[in-house]
Structures are given as structure tokens and as C-alpha cells.
Amino acid sequence: MSQSINTIRLLQQSLQLSIKEGAFCIDATAGKGNDTLFLAKLAGDSGHVLAMDIQPAALEKTKELLNKNKMEHRVQLVLDGHENISQYAEPESVDCI
């Protein structure tokens, strides 16, 4: 029986190897918050995640998920599009987008 390849899972495994405590990560499309939460866990208490979305409802869902998992202190939620990412992060200051 063959296993199917899950692209998201492969990416997460790669990020787990490269993102360390204290990292600065950006989730450019927060959506339901699952990737934001994942990055917040990897960044740790000394890290920071910027989660962006153009939809207020997406940021609200993300906020709820972060609160439920007690990770809200690690994340800044921004109502804006990823095309404006340079307004929130200096060049070469981000460990993961």
C-alpha cells in the first residue's frame, strides 16, 4: 500500500528543521490560522509571527485559534495584503514567509 504525499506536511517537516526558537516568521495569508499557529509554536516564546490577511473574518478566526492555544502573545495580526509586506518587515529580517 503506498502513502500519498501531502505537500503541506512535507513543508511543515522542512520548516521544523529550519525554524528555531526566536525566529521571525510571516504568514502572508492567515486564513483560518492553522499555519499561523504552527509558526508560532516553532518561533517559541522569544520569537514573533506576523499574520496578514485582507479579510477581517480570517483574522478573527486566527485570533480565536491562537487564544484557544494560548499563543496570541507570539503573533501580531495585520489587516492588510501581502503586497504590503515591506511595510511590516525590514529586508532580510524574516526567517520564514
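In this report, we go over the structure that sits alongside the text. (Residues numbered from 1 in each chain as written. Predicted model: local features only at pLDDT ≥ 70, side-chain atom pairs only at ≥ 80, totals over all residues. Heavy atoms only, no water.)

## So, unusual backbone geometry
Item 1. At K70, a residue that is not glycine, the phi angle is positive and equals roughly 55 degrees.
Item 2. One can find K70 in the loop between α3 (56-68) and β3 (75-79). (Helix = DSSP H or I, 4+ residues; strand = E, 2+ residues; numbered from the N terminus.)

## Looking at the sheet that holds β3
Item 1. Read across the sheet, three strands follow the order β1-β2-β3 without closing on themselves; strand pairing throughout is parallel. A single partner strand is all that each edge strand has here, and the edge strands are β1 (24-27) and β3. In this sheet, neighbouring strand axes are inclined to one another by 15 degrees on average, regardless of whether the strands run parallel or antiparallel.
Item 2. Inspection of the sheet shows strand β2 (residues 48-53) paired to β3 by five bridges, in the parallel sense. Residue pairing in the sheet places L50 in a bridge with Q76 of β3.
Item 3. On top of the sheet, helix α2 (residues 34-43) reaches β1, β2 and β3; it is set at about 165 degrees to β2, its chief contact.
Item 4. In the packing of α3 onto the sheet, contacts are made with β2 and β3, and the angle to β3 comes to roughly 165 degrees. (Pairing = 2+ DSSP bridges. Axes fitted to C-alpha atoms, helices over the stretch in contact; angles between N-to-C directions. Contact = heavy atoms within 4.5 Å.)

## Focus on the pairing of β2
Item 1. Among the six residues in β2, five count as buried, and that is most of the element.
Item 2. Relative to β2, β1 is paired through four bridges, and the arrangement is parallel. Considered in β2, the bridge of C25 is made with V49.
Item 3. Running through α2, the crossover from β1 to the neighbouring parallel element β2 is right-handed. (Buried < 20%, exposed > 50% of the residue type's maximum accessible area, 1.4 Å probe, protein only. Right-handed = clockwise from strand over helix to strand, strands pointing away.)

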